[in-house]
Amino acid sequence: MSEQGIGKRVTRREDLRFITGKGRYTDDINLPGQAYAVFLRSPYPRARIRAIDAAAAAKAPGVVGVFTGKDLAADGIGHLPCGWLVKSKDGSDMKVPPRPPLAIETVNFVGEPYALVVAETLGQARAAAALVETDFEELEPVVALAEATAGPQIHPEIEANRCYDWELGDQAAVEAAFAKAPHVTRLEFANNRLIPNAIEPRAAVAAYNRPTEEFTLYTTSQNPHLERLILAAFVNLAPEHKLRVISPDVGGGFGSKIFVYPEETAAAWAARRTNRPVKWTADRSEAFLSDAHGRDHLTTAELALDEAGTFLALRVRTRANLGAYLSTFASSVPTYLYGTLLAGQYRTPAIHVEVEGVFTNTAPVDAYRGAGRPEATYVVERIVETAARELGIDPAELRRRNFIRPDQFPYETPVALVYDTGDYEASLAKALKQADYAGFPARRRESEARGKRRGIGLSCYIEACGLAPSQLAIQLGAGVGLYESGEVRVNPTGSVTVFTGSHSHGQGHETTFAQIVSEKLGVPFEQVEVVHGDTGRLEFGLGTYGSRSVAVGGSALIKASDKIIAKGKRIAAHMLEAAPDEVDFEDGVFAVRQTNKSLTFGEVAFAAYVPANFPEDLEPGLSEKSFYDPKNFTFPAGSHIAEVEVDPQTGVVDLVRFVAVDDFGEVINPMIVEGQVHGGIAQGVGQALLEHGVYDADGQLVTGSFMDYCLPRADDLPSFEVDTTVTPCTHNPLGVKGCGEAGAIGAPAAVMNAVTDALGVKDLAMPASPERVWRALQAA
Amino acid sequence: MKLSLTVNETDHELEVAPNALLVDILRGDLGLTGTHVGCDTSQCGACTVEMDGRAVKSCTVLAGQAEGARVTTIEGLGAPGNLHPMQAAFQAHHALQCGFCTPGMIISAIDLVKRTDGRLDEVAVREGLAGNYCRCTGYHNIVQAVLAAAERM
Amino acid sequence: MNGFDYHRPESLEAAVAARRAAADGAYLAGGMTLIPTLKQGLAEPSDLIDLGAIRGLAGIGLEADRLTIGAMTRHADVAASAEVQRAIPALAYLASEIGDAQVRNRGTLGGSLANSDPAADYPAAVIGLGASILTDRRTIAADDYFKGLFETALEPGELIRAVAFAVPRRAAYRKFRHPASRYAVAGVFVADTGDGFRVGVTGAGPCAFRWTALETALAGKPDAAAAGAAPLDSRRFNADLHASAEYRANLVRVMAARALADLAG
């Protein structure tokens, strides 16, 4: 195996451009003759647009045009769709409010765009935007999630602001179990709203070629093909074959760049309308207001147990804030990506979950790192920890008693998933040892001697990654398949160009995928190039989200590589005058079994393009495509342990240690996997201790900048101790499960279990800010 | 107004608007797009460059304040084959993912090592980099990279 | 950002004259607050008078028991100054706690005081040390300088040249920083002047103030327990998402107690 093969800590090839300032992000792209777009955004959470007077703005210096939602509608531009149809308990379809890219009659959240100004310079566009006079009639907004269904109706056709009322699981079995349960643990809590804040703000540069009627749209998307599909099929911007979407280097996404947003839609339309390339780059204030937010649940959870601590049933009621409109995948996050994960790592025999998705006059809420699974893990791991405390059972022991055992896989949960494999006891044992769980009481005494409080908390999470077989997803309402494409193109000289439909915005695919194909084909790592993020260069792809890239995208490349090898064997057999089934392929050499006849991969590649007397049934060329549709979700799982020290005088929580032991199945590049875990933990710790997107009662975003929204800094975090255990995924060719979200999923519950342990309180709201902690101690 | 400054060892005479920011000049007039803009409240540090020997946020320096200044951006540090030790350490320790914060982070890290003569421990690195946000790495590997580079600078 | 005329005078007199001639001028020191304010359109001055080219406005001088710091001295230079570290180490420490490294590399003492942000750090030291603000036209005592939220005793166009600090016997600063902005939610500067204690508080109220009740309660001894008991009127304390007035009052007491413990230690 080469030094750059599967399982090796290969440094990333993409780094060279990033560390020398040669990355090429959307805002770095400038097209000849480009104009600049600035959006007008609603200052009100809910208002009727009576009139927009753009006369002065239109005459301002440098202005190319001022456009409103009516202009887009008149040009046939459709609404932004939601790609996942969720049905309510009663079988009815979810209620979908119309979402024109630019608001036409009403605005429904602060920051909603309703017009744009295009001008020669950014400064001129901003100055002109200030001249637009908009007459708003303010309407009473719906802000508080708890009262959202009782508030004024936001969308005329949607009663009680309720999008759906969804359920999963066997309610009767759960009620029966609760009726005779010796012990019930109950918790009510919120899962705090988060604002993703990739450091690169969203941006778009759009150009339109009139003679060919072709659009080129550079934009900050995690899935350019999906963007193209939606803009073509639903928004009617252009036919799909006339629309090229390119995601160049993208500076982080964490979910927030999956979605199709109003701004790139309107900017692309404006490029055609003005016959000028149009550029738009969000500033951070716009990002806070208009990027899709994450989480924002209110939940009541109850766990029924017997005297020995065996879980009997779990009952969960959640109200999920969807914001003012349904963002691209918003509906699926608090349902199929949440309710299905409530079994956690446990044998809980009966589970019933009800989720009410509601609209409020706030920014749309959609998938953010983990997407539903952090919320589910928080429910399960907070209530399990609380139950352990109530029953006086060590929290690790209570979990052990209820774990699905290794011999029980495949394991069908009561919430519709079939876990293929896992060894939860193994990762917990490793994590407890690493965290010196046994030594905690001594450390606590030492802290107390210094006047501090100390706590330790566990979180044994599971996640479903890769997003499942298309058939199942489509059955459950998904509007797209969830396969991935891959193409392996062998060049005549034997180097390889790999095309993947997944997209890298920090994950390092250019390295990881090259490792996979290099090892599979025995081609030197340096001779494998990975191409992604351009609908003009690869045929289709579904992008990167849900920790799916290696499990699904990598598997597609394995399948395509298998086809290359099969074709190579036929070519080699022809050249070596043997039968294809006599040819073996290993370490880059095609060899006829039990002979000394062989050809290198490079020789076969060359022959493929210089085909001397190939038989009729052997086509020249060596390039293969594959679409891989996963047979099941993958189920990464692990144990996270947080240890905190609390200063009771100020309420400051110091995270002194964080241990994560994760089972991601096989690992392609341990260095990259560790980096993914670190980043996820940081976001999870951010949710638990620092981050909170807050609207005031009037619907204004209070945390609209980094002055108020607390993004974790280097000195807010400790170094992390991360390790893995391995049970290979049973149903994909690489045995991989996915690692991108684990940290964000496991960490919040681990930290909050530690904080509540330190304080000796049953519950505390996230984020555990100093004042909240201080108040909890005052009250205790 | 006229502006003279030296960027990455090259002298420039430019005609700029008084309200232009240093970062606008670097990215726009000089095409040095390695310096990024990540916020509008002078916090994220993605725009950090070295000016007259100090790390500064170029989104919070007006053109006129840069008159006569010597500025070093990420492009002026080192190229493949001849990387600055900090650049090399960032790659070796996987201290970057999406790469957007990286140029500013590297400039800040070099400034930190210089002003402490490399006498750094983990706490000092974490506090020293508080002016640079990274959303990808959780800072873990950045800290490792800076400590490693401090040994070699 | 709106347009403005930009001036870069090389003398104090020229700066004051340019300011006087401007319809709605503003001095520009380090710009750490002013530039973001301009970017957000919260200030739209007709003219900016950049003080960066004026000789003699930056620098640190120590004579006997008086430390003088020029208005344009950067926070980083105060933090790193051997003179400041020798004479008033708590002041060097305070400067090292402002914002972040890049902010300290640009931000200035004079800019901070002229702006008088309720959560800025320097005002605590100016109050706590009973400093003198030296302007182009007079000397203002610390106790007379801070007037309210972003309000100072400076007259229109008046320009801070330097700040003179009497060197105390000992001093300490403790700050509880805002988790997001890193400003002071509560910062307390305690100085043993040789003639009793002075206590300057920032972050808590509309502007920095003296906690005279604690000064009295200390009765010449750095008794940390006094900070828990001395009367503290928190009725006008700031309240925001991250800290209520009540919590701020607690933080003022805790930071004061810790600063006093530093002195005693």
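Residues numbered from 1 in each chain as written. Chains lettered and ligands numbered in written order. Predicted model: local features only at pLDDT ≥ 70, side-chain atom pairs only at ≥ 80, totals over all residues.

Once that is clear, we can look at the overall build of chain C. Helix and strand counts for chain C stand at 12 helices and 14 strands. At 18 Å, chain C has a C-alpha radius of gyration in line with the 18 Å of a compact globule built from 265 residues. By principal-axis analysis of the C-alpha atoms, chain C measures approximately 55 × 45 × 30 Å. Long-range contacts, defined as pairs at least 24 residues apart, comprise 62% of the intrachain contacts of chain C with a sequence gap of at least 6. (Helix = DSSP H or I, 4+ residues; strand = E, 2+ residues; numbered from the N terminus. Rg over C-alpha atoms; globule rule 2.2 N^0.38 Å. Contact = placed C-beta atoms within 7 Å.)

For the rest of this paragraph, the subject is the interface of chain A and chain B. Taken residue by residue, the interface counts 42 residues in chain A and 43 residues in chain B. Sorting the residues of the side of chain A that touches chain B by element identifies helix 1 (15-19), helix 8 (284-290) and helix 17 (670-690) of chain A as the ones contributing at least two each. Sort the elements by how many residues they give to the side of chain A that touches chain B and helix 17 of chain A lands first, with 7 residues. A per-class count over the side of chain A that touches chain B returns 17 nonpolar, 15 polar and 10 charged. (Nonpolar A, V, L, I, M, F, W, Y, C, P; charged D, E, K, R; others polar.)

Glancing now at the sheet that holds strand 6 (residues 133-138) of chain A. Adjacent strands of a sheet form backbone hydrogen bonds with each other and so pair up, either parallel or antiparallel. Residues and elements named next belong to chain A. Read across the sheet, 3 strands follow the order 4-2-6 without closing on themselves; strand pairing throughout is antiparallel. Across the chains shown, the open sheet's two edge strands, defined by having one partner strand only, are strand 4 (106-107) and strand 6. Sheet topology places strand 2 (residues 47-53) next to strand 6; 6 bridges connect them, and they run antiparallel. Of the residues in strand 6, the one forming a bridge with Ile 49 is Phe 136. (Pairing = 2+ DSSP bridges.)

Here the focus is the packing of helix 9 (residues 373-391) of chain A against helix 10 (residues 395-402) of chain A. All names here are of chain A. At a closest axis distance of 9 Å, the pairing of helix 9 and helix 10 adopts a crossing angle of 115°. Relative to helix 10, the element helix 9 is oriented roughly perpendicular. As for how helix 9 packs across helix 10, the hand of that crossing is right-handed. The segment helix 9 lies against helix 10, with Val 384, Glu 385, Ala 387 and Ala 388 engaging Pro 395, Leu 398 and Arg 399. Of the residues assigned to the contact of helix 9 with helix 10, the class counts are 5 nonpolar, no polar and 2 charged. (Axes fitted to C-alpha atoms, helices over the stretch in contact; angles between N-to-C directions. Parallel < 35°, antiparallel > 145°, perpendicular 65-115°, else oblique. Left-handed = near helix turned anticlockwise from the far one by under 90°.)

What follows covers the packing of helix 9 of chain A against helix 18 (residues 742-759) of chain A. Residue and element names in this part refer to chain A. At a minimum axis separation of 8 Å, helix 9 and helix 18 run at an interaxial angle of 30°. On the basis of the axis angle, helix 9 is roughly parallel to helix 18. Seen along the crossing, helix 9 lies across helix 18 with a hand that is right-handed. Contact residues: helix 9 offers Arg 373, Pro 374, Thr 377, Tyr 378, Glu 381, Arg 382 and Glu 385, while helix 18 offers Ala 744, Ile 745, Gly 746, Pro 748, Ala 749, Met 752 and Asn 753. Classifying every residue of the contact of helix 9 with helix 18 gives 7 nonpolar, 3 polar and 4 charged.

Moving on: the pairing of strand 22 (residues 583-586) of chain A. Residue and element names in this part refer to chain A. Residues Val 583 and Phe 585 line the buried face of strand 22, whereas the alternating positions Asp 584 and Glu 586 sit on a face that is not buried. Note that strand 22 and strand 23 (residues 589-592) share 4 bridges and pair antiparallel. Paired with Phe 585 across the two strands is Phe 590, which belongs to strand 23. Here strand 22 hands over to strand 23 after 2 residues, with Asp 587 in that stretch at a positive phi of 50°. (Buried ≥ 20, exposed ≤ 12 C-beta atoms within 10 Å, placed from the backbone.)

This part covers the interface of chain A and chain C. Across the boundary between the two partners, chain A contributes 14 residues, which contact 12 residues of chain C. Per-class residue counts for the side of chain A that touches chain C are 8 nonpolar, 4 polar and 2 charged.

Ranked by internal contacts, the top residues of the largest apolar core, which has 405 residues, are Val 751 of chain A together with Val 190 and Ala 256 of chain C. Among the elements that make up this core, the one with the highest residue count is helix 18 of chain A (12 residues). Shared between two domains, this core takes at least three residues from each, and those domains are domain 1 (5-50) and domain 2 (60-264) of chain C. With near-sequence residues (within four places) excluded, Val 190 of chain C lies in contact with Gly 128, Ala 171, Ala 172, Phe 197, Val 199, Ala 256, Ala 259, Leu 260 and Leu 263 of chain C. (Core = buried A, V, L, I, M, F, W, Y, C linked by C-beta atoms within 7 Å. Domains from an automatic or database assignment.)

A few words now on the sheet that holds strand 4 (residues 54-57) of chain B. Residue and element names in this part refer to chain B. With respect to topology, 5 strands assemble into an open sheet ordered 2-1-5-3-4, the strand pairing being mixed. Each edge of the sheet is formed by a strand with only one pairing partner; in this case those strands are strand 2 (10-15) and strand 4. Taken over all neighbouring pairs, the strand axes of this sheet differ in orientation by 40° on average, direction set aside.

It is worth spelling out the environment of Arg 48 of chain A at this point. Residues and elements named next belong to chain A. Position of Arg 48 relative to the elements: it lies in strand 2. On the neighbour-count criterion, Arg 48 (13 C-beta atoms within 10 Å) is partly exposed. Residues Arg 48 and Ser 495, spaced 447 residues apart in sequence, show a C-alpha to C-alpha distance of 60 Å. In contact with Arg 48, not counting residues within four places along its chain, are Glu 105, Thr 106, Phe 136, Glu 137 and Leu 139.

Time to look at unusual backbone geometry. Residues other than glycine predominantly adopt negative phi, and peptide bonds predominantly adopt the trans conformation. All names here are of chain A. A cis amide bond, omega -5°, links Phe 409 with the succeeding residue Pro 410. With respect to the helices and strands, Pro 410 occurs in the loop between helix 10 and strand 16 (411-412). Here the amide bond leading from Met 766 into Pro 767 is cis, since omega sits at -10°, within 30 degrees of zero. Phi angles above zero are rare outside glycine, and Ala 160 is one such case at about 55°.

Residue and element names in this part refer to chain A. Note that Ser 504 resides in the loop between strand 20 (496-500) and helix 14 (509-521). Judged by local crowding, Ser 504 falls into the buried class, with 27 C-beta atoms found within 10 Å. Along the chain, Ser 504 and Val 143 lie 361 residues apart, while their C-alpha atoms are 36 Å from each other. Ignoring anything within four residues of it in the chain, the contact list for Ser 504 reads His 509, Glu 510, His 532 and Thr 544.

A word on helix 1 (residues 12-21) of chain C. All names here are of chain C. All of the buried residues in helix 1 are Ala 15, Ala 18 and Arg 19. Down the axis of helix 1, the buried set is contained in an arc of 100°. They therefore lie on one face. Those residues of helix 1 that are exposed and aimed more than 90 degrees away from the buried face are Glu 13, Arg 20 and Ala 21. Against the buried residues of helix 1 lie strand 1 (5-7), strand 2 (25-28) and strand 3 (47-50). (Arc of directions from axis to C-beta.)

Another aspect to go through is the pairing of strand 28 (residues 721-725) of chain A. Residue and element names in this part refer to chain A. Looking at chain direction, strand 27 (residues 653-663) and strand 28 are connected through 5 bridges and run parallel. The partner of Ala 660 across the bridge, within strand 28, is Val 722. Following the chain from strand 27 across helix 17 to the adjacent parallel strand 28, one finds a crossover that is right-handed. (Right-handed = clockwise from strand over helix to strand, strands pointing away.)

Before going further, it helps to examine the domain arrangement of chain C. All names here are of chain C. Taken as a whole, chain C is organised into domain 1 (5-50) and domain 2 (60-264). On the side of domain 2, 16 residues touch domain 1, which itself brings 11 residues to the contact. For the side of domain 1 that touches domain 2, the leading source of residues is helix 1, giving 5 residues. Partitioned by chemical class, the residues of the side of domain 1 that touches domain 2 number 6 nonpolar, 3 polar and 2 charged.

Residues and elements named next belong to chain A. Taken across its 10 residues, helix 6 (residues 224-233) has 8 buried, putting it largely inside the fold. Looking only at helix 6, the buried set comprises Pro 224, His 225, Leu 226, Glu 227, Arg 228, Leu 229, Ile 230 and Leu 231. Against strand 10 (214-219), strand 11 (243-246) and helix 7 (262-274) lie the buried residues of helix 6.

Here the focus is the environment of Ile 745 of chain A. Residue and element names in this part refer to chain A. Along the chain, Ile 745 falls in helix 18. Residue Ile 745 is classed as buried on the basis of its 34 C-beta neighbours within 10 Å. Spatially, the C-alpha atoms of Ile 745 and Glu 463 are 7.8 Å apart, while their sequence positions differ by 282 residues. When sequence neighbours within four positions are dropped, the list of residues in contact with Ile 745 reads Gly 370, Arg 373, Pro 374, Thr 377, Tyr 461 and Glu 463.

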